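Architecture and fold: a report
Here are the chains, one letter per residue:
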Amino acid sequence: MGQHHGRLLIAIILLGAVSPVGIGVSDAQAPESSTNETATPPIHQNPDNVSAGSNLSELGAHFTGELSTRLIASTTNINQSQYERARELIGDEYELNLSDYRTVAVELDQSERATLFNQIQTDQQQYITEVQRLRELQSEYEQARASNNEKRARRLAREFNRENENFTANASELISTYTNLSNETGISFEPAIERIDTTQLELNESATTITQREFLETTLSARLNRSNISFTNPGRVTGRVALANGSGIGGEVVAIGVGSRQYEVQTDPNGRFQLPYRPVAVNASATTVSVTYQPADEGAYLPASDSISTNIQSVNASLDAFDGPPTVGFSDRLNVRGQVVVGDRVVSQLPFAVQANDVELTRTTTDTSGEFDATAEFPATVNDGE
C-alpha cells in the first residue's frame, strides 16, 4: 500500500472540565469425562470415516463434541492445579479442531457456535492464568505470615484481593459464555460450570479470610465548601478518616483522591483533613465527585469512599502546539507536542485524545507543567487530506 499525503485536521480532544481545541497539521451430547480426565478426551466420530455423501451434521457433531470434551476436561485439571495440562487441552489440538469446525459451521449455519467456541477458549486460557496466579499469591502470603513479615504479608494480601476482584468478574463472564454455548449447542457444560463456581467460591472465601485477618475497616466523610467551582475558581474539600468504631486516624499522612486527582495530606489528631480542589479531568455535567481514602499497601487499613455534590463550570483552555511535519502518510510516526493552559495557569494531569480527521490516534495526559508529547503510528484508515 502506497503512502498518501495531505493536509489533515489534527485535533486534541481534552477529556475533562476544559473545552476541546484543535490544530491543523442440536449436536451430540459431550460425554462425562472418565475418572482419568487428564487423558486426551475421546473422539466422538472420526471425520475420516464420514463419506462424501454423509450429512455434514455428523461432522458438526464430531467437532462440537471434541471441543466440548476438551473444555470440560480442562476445568478438571485446573481444579487439580495441573495448569499446563489444562492449557494443553485447549491449545493446539483444540485450535485445529476449531479451524476445521469453522469450515463446516458455515455450511451448517452454525457460525455463532464457532464464535462461542473461540471466545470460550480465550476466556478459559485467561481463567487458567488467573487461578494459577491467585493460588501462588496465596501461598506467598501464607509464607510471609509464617515468617512474621507483616509488611510483606499485607502487600501480598492487597495484591491478592485486587487480582481476585478481576478474577471474580472474569469467572462470571466465563460461566455466562458456557451458558450461552450450552443454549446454542444443546450440550450440557454443567460439570465445567460447577468447577468454576467451586474455584470462585474457594478464592472469594480466601480473600474474605485474608481481609479480616490483616485489615481494619475505615470510614470517610467529605464535603465541599461551596457547590459552584471551576478550574479558575477552585473549592476546598474537608473531611475525616476514621476507624469503624469512630476513632480518627490522626497524625498521619494519608492519600486522598478527589475525582482523578490524588493528594497527600496530613490528618489532625482527630483524623480531619482539608485540601484545595481544582477540577480538571471531570465532566462539566457531573453533579457529584468521588472522594477516596487509599491506604498504603503496607498499612493496616482498608480503603473508604464518599462523594461530594458540586456544580462544575467549564472553562476554555489554550493550546500552544509545536508544528508537526508538513505531510504524514500511512505507517509514519506522527508526533504532537504542546502545552495546555487556562489563563496564566498550566493544566496538569489532563487526559486528552489526539485525532486525525476524526480518527483517534492515541491518548495521553499532560505532565506537571501542562505539557504533552504524544507519538502514534499513522493508520491507513485516515482518508487523504487536501
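Residues numbered from 1 in each chain as written. Predicted model: local features only at pLDDT ≥ 70, side-chain atom pairs only at ≥ 80, totals over all residues. Heavy atoms only, no water.

**Some remarks on the packing of helix H4 (residues 111-146) against helix H5 (residues 150-185)**
Between H4 and H5, the least distance of the axes is 8 Å, while the angle of their chain directions is 155 degrees. What the angle tells us is that H4 and H5 run roughly antiparallel. The chirality of how H4 crosses H5 is left-handed. Taken together, the residues of the contact of H4 with H5 break down into 18 nonpolar, nine polar and 12 charged. (Axes fitted to C-alpha atoms, helices over the stretch in contact; angles between N-to-C directions. Helix = DSSP H or I, 4+ residues; strand = E, 2+ residues; numbered from the N terminus. Parallel < 35°, antiparallel > 145°, perpendicular 65-115°, else oblique. Left-handed = near helix turned anticlockwise from the far one by under 90°. Nonpolar A, V, L, I, M, F, W, Y, C, P; charged D, E, K, R; others polar.)

**Regarding the nonpolar core**
Counting residues in hydrophobic clusters, the biggest one holds 45 residues, and the most contacted among them are Leu71, Tyr94, Phe117, Tyr127 and Tyr178. Of all elements in the fold, only helix H1 (56-79), helix H2 (83-89), helix H3 (92-108), H4, H5 and helix H6 (190-214) reach the threshold of two or more residues within this core. Top contributing element to this core by residue count: H4, with 11 residues. Ignoring sequence-local partners within four residues, the contact set of Leu71 consists of Ile90, Tyr94, Phe117, Ile120, Gln124, Tyr178, Leu181 and Phe189. Core analysis: the second largest hydrophobic core is formed by 25 residues, Ala222, Val265, Tyr293 and Ile312 among them. (Core = buried A, V, L, I, M, F, W, Y, C linked by side-chain atoms within 4.5 Å. Buried < 20%, exposed > 50% of the residue type's maximum accessible area, 1.4 Å probe, protein only. Contact = heavy atoms within 4.5 Å.)

**Some words on H3**
Across its 17 residues, H3 extends 24 Å between first and last C-alpha, which sits within 8% of the 24 Å expected from 1.5 Å per residue. Along its length, H3 reaches its greatest deviation from straightness, about 25 degrees, at Arg102. All of the buried residues along H3 are Tyr94, Asn97, Leu98, Tyr101, Val104 and Ala105. Of the residues trailing H3, Asp109 is marked for its positive phi of about 60 degrees. (Expected span 1.5 Å × (residues − 1). Bend = angle between axes of the 7 residues up to and from the residue.)

**Some thoughts on the packing of aromatic side chains**
Per the counting criterion, the structure on display carries three aromatic pairs. When the ring of Tyr101 is compared with that of Phe117, the centres are 6.1 Å apart and the planes differ by 90 degrees; the resulting orientation is edge-to-face. Of this pair, Tyr101 sits in helix H3 while Phe117 sits in helix H4, and the two are 16 residues apart along the sequence. An identical accessibility class is assigned to Tyr101 and Phe117; each is buried. Above the face of the Phe231 ring, Arg278 is positioned so that its terminal group lies 5.4 Å from the ring centre. (Phe/Tyr/Trp six-rings, centres within 6.5 Å; stacked < 30°, edge-to-face > 60°. Lys NZ or Arg CZ within 6 Å of the ring centre and 35° of its normal.)

**Side note on the confidence of the model for the protein**
Where the model shows low pLDDT, its predicted coordinates should not be examined in detail. Of the residues in the protein, 82% have a pLDDT of 70 or more, and the chain-wide mean is 84. Ranking the elements of the protein by mean pLDDT puts strand E2 (residues 21-24) last, at 37, and H2 first, at 98. In this model residues 1-11 is a low-confidence stretch, pLDDT under 50, and it forms 49 contacts with partners more than four residues away in sequence or in other chains. Below pLDDT 50 for its whole length, residues 19-45 participates in 80 contacts with residues either more than four positions away or in separate chains. (pLDDT = per-residue confidence, 0-100.)

**Observations concerning the environment of Pro379**
Position of Pro379 among the secondary structure elements: in the segment after strand E17 (371-377). A C-alpha to C-alpha distance of 8.9 Å links Pro379 and Val359, two positions 20 residues apart in sequence.

**A few points about the sheet that holds strand E8 (residues 272-277)**
Across the sheet, which stays open at both edges, the three strands sit in the order E3-E5-E8 with antiparallel pairing between neighbours. The open sheet is flanked by strand E3 (218-224) and E8, the only strands paired with a single partner. Here the average twist between neighbouring strands, direction ignored, is 25 degrees. Of the pairings in the sheet, the one linking strand E5 (residues 235-243) to E8 comprises six bridges and is antiparallel in character. Its bridge partner lying in E8, Gly235 is registered against Tyr277. (Pairing = 2+ DSSP bridges.)

**Concerning the pattern of salt bridges**
Where charged atoms from two side chains of opposite charge come close, those side chains can pair. Tallying each qualifying case throughout the model produces 14 salt bridges. Here Glu88 ties to Arg85 by a salt bridge, and the two come within 3.1 Å at their closest N and O atoms. Here Glu88 and its partner Arg85 are both found in helix H2, three residues apart, which amounts to about one turn of the helix. The buried category is assigned to Arg85, whose relative accessible area is 16%. Linking Arg213 and Glu142 is a salt bridge whose minimum nitrogen-to-oxygen distance equals 3.6 Å. (Salt bridge = Lys/Arg side-chain N within 4 Å of Asp/Glu carboxyl O.)

**Regarding the environment of Arg162**
Its location among the elements puts Arg162 in helix H5. As for Arg162 and Ala207, which are separated by 45 residues in sequence, their C-alpha atoms are 9.4 Å apart. A polar side-chain atom of Arg162 sits 3.4 Å from a polar atom in the side chain of Asp297. (Polar contact = N/O pair within 3.5 Å; in protein donor to acceptor, adjacent residues only side chain to side chain.)

**Structural notes on the packing of H5 against H6**
Close contact between H5 and H6 brings their axes to 9 Å; oriented N to C, the two are set at 155 degrees. With respect to H6, the axis of H5 lies roughly antiparallel. As H5 runs across H6, the sense of the crossing is left-handed. Here the residues of the contact of H5 with H6 are counted per class, giving 14 nonpolar, 10 polar and three charged.

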